[in-house]
Amino acid sequence: MGETRRRFDPEFRAGAVRIVRETGKSIAQVARDLGINAGTLANWVQMDRLAREQDAGSGGELAESEREELARLRRQKAEWAKERAELEMERDVLKRSVVLWVKEATGR
């Protein structure tokens, strides 16, 4: 016969998640200490994290200054991504030229 699933009350779940959040112990260690599956505890921690993010995000509209700052940061991120792509391309060209120079110098 199949194994019956253990049920944990909401207080136990909240307590386990709180231990992970507040002690800094790993999920695996807390799960071992409590005698539960690490995957189960990881799911609880993830659900708690998502719930906290939604609660923080539902605070309402952004202020005008926050919207401007967000737009500025997004523009800056795009500029940095473009600059990084150019630098990576320059690096790759230099790598290839060094390889060709070494081959030519060694007569291969």
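A brief look at the structure comes next.

About the cut-offs
- Residues numbered from 1 in each chain as written.
- Predicted model: local features only at pLDDT ≥ 70, side-chain atom pairs only at ≥ 80, totals over all residues.
- Heavy atoms only, no water.
- Helix = DSSP H or I, 4+ residues; strand = E, 2+ residues; numbered from the N terminus.
- Rg over C-alpha atoms; globule rule 2.2 N^0.38 Å.
- Contact = heavy atoms within 4.5 Å.
- Lys, Arg positive; Asp, Glu negative; His and termini not counted.
- Charge placed at Lys NZ, Arg CZ, Asp CG, Glu CD.
- Phe/Tyr/Trp six-rings, centres within 6.5 Å; stacked < 30°, edge-to-face > 60°.
- Buried < 20%, exposed > 50% of the residue type's maximum accessible area, 1.4 Å probe, protein only.
- Core = buried A, V, L, I, M, F, W, Y, C linked by side-chain atoms within 4.5 Å.
- Salt bridge = Lys/Arg side-chain N within 4 Å of Asp/Glu carboxyl O.
- Axes fitted to C-alpha atoms, helices over the stretch in contact; angles between N-to-C directions.
- Parallel < 35°, antiparallel > 145°, perpendicular 65-115°, else oblique.
- Left-handed = near helix turned anticlockwise from the far one by under 90°.
- Nonpolar A, V, L, I, M, F, W, Y, C, P; charged D, E, K, R; others polar.

Moving on, we come to the overall build of the chain. Counting its regular elements, the chain contains four helices and zero strands. Relative to the compact-globule value of 13 Å for 108 residues, the chain shows a C-alpha radius of gyration of 26 Å, a clear excess of over 25%. Seen along its three principal axes, the alpha-carbon backbone of the chain occupies a region of about 70 × 50 × 30 Å. Looking at the chain alone, contacts between residues at least 24 apart form 46% of all its contacts between residues at least 6 apart. Taken together, the 22 basic and 20 acidic charged side chains of the chain have centroids lying 7 Å from each other.

Summed over the entire model, instances satisfying the criterion amount to three aromatic pairs. Between Phe-8 and Phe-12 the ring centres are 5.2 Å apart and the planes differ by 15°, which places this aromatic pair in the stacked class. Between Phe-8 and Trp-44, the aromatic rings sit 5.3 Å apart at their centres with planes inclined by 75°, giving edge-to-face as the arrangement. With Phe-8 in the segment before helix 1 (10–23) and Trp-44 in helix 3 (residues 38–57), this pair connects stretches of sequence that are 36 residues apart. By relative accessible area, Trp-44 is classed as buried at 7%. Taken together, the aromatic side chains of Phe-8, Phe-12 and Trp-44 make up a single cluster linked through ring pairs.

A few words on the nonpolar core. Counting residues in each nonpolar core, the largest one holds nine residues, listed as Ala-16, Val-17, Val-20, Val-30, Ala-31, Ile-36, Leu-41, Trp-44 and Val-45. Counting only elements with at least two residues in this core, the list comes to helix 1, helix 2 (27–34) and helix 3. Leaving out residues up to four positions away in the same chain, Val-20 has contacts with Lys-25, Ile-27, Val-30, Leu-41 and Val-45.

The next thing to look at is the pattern of salt bridges. Once the charged atoms of two side chains with opposite charge are near each other, the side chains can pair. According to the stated counting rule, one finds eight salt bridges in the structure shown. Between Glu-22 and Arg-18 there is a salt bridge whose closest N-O contact spans 3.0 Å. Taken together, the residues Glu-22 and Arg-18, both in helix 1 and four residues apart, mark about one turn of the helix. For Arg-18, a relative accessible area of 47% puts it in the partly exposed group. With a shortest N-O distance of 2.9 Å, Arg-84 and Glu-88 are connected by a salt bridge. Of the two residues, Arg-84 and Glu-88 both sit in helix 4 (residues 64–106), four residues apart, roughly one turn of that helix. Overall, Glu-88 belongs to the partly exposed group, its relative accessible area being 29%.

The subject of this paragraph is the packing of helix 1 against helix 2. Contact geometry for helix 1 and helix 2: axes closest at 9 Å, N-to-C directions at 135°. The angle between the axes of helix 1 and helix 2 places the two elements in the oblique class. Of the two elements, helix 1 crosses helix 2, and the hand of that crossing is right-handed. Contacts between helix 1 and helix 2 pair Phe-12, Ala-16, Ile-19 and Val-20 from the former with Ile-27, Val-30 and Leu-34 from the latter. Of the residues belonging to the contact of helix 1 with helix 2, the class tally is seven nonpolar, no polar and no charged.

Functional significance is not addressed by these values, which are geometric in nature.
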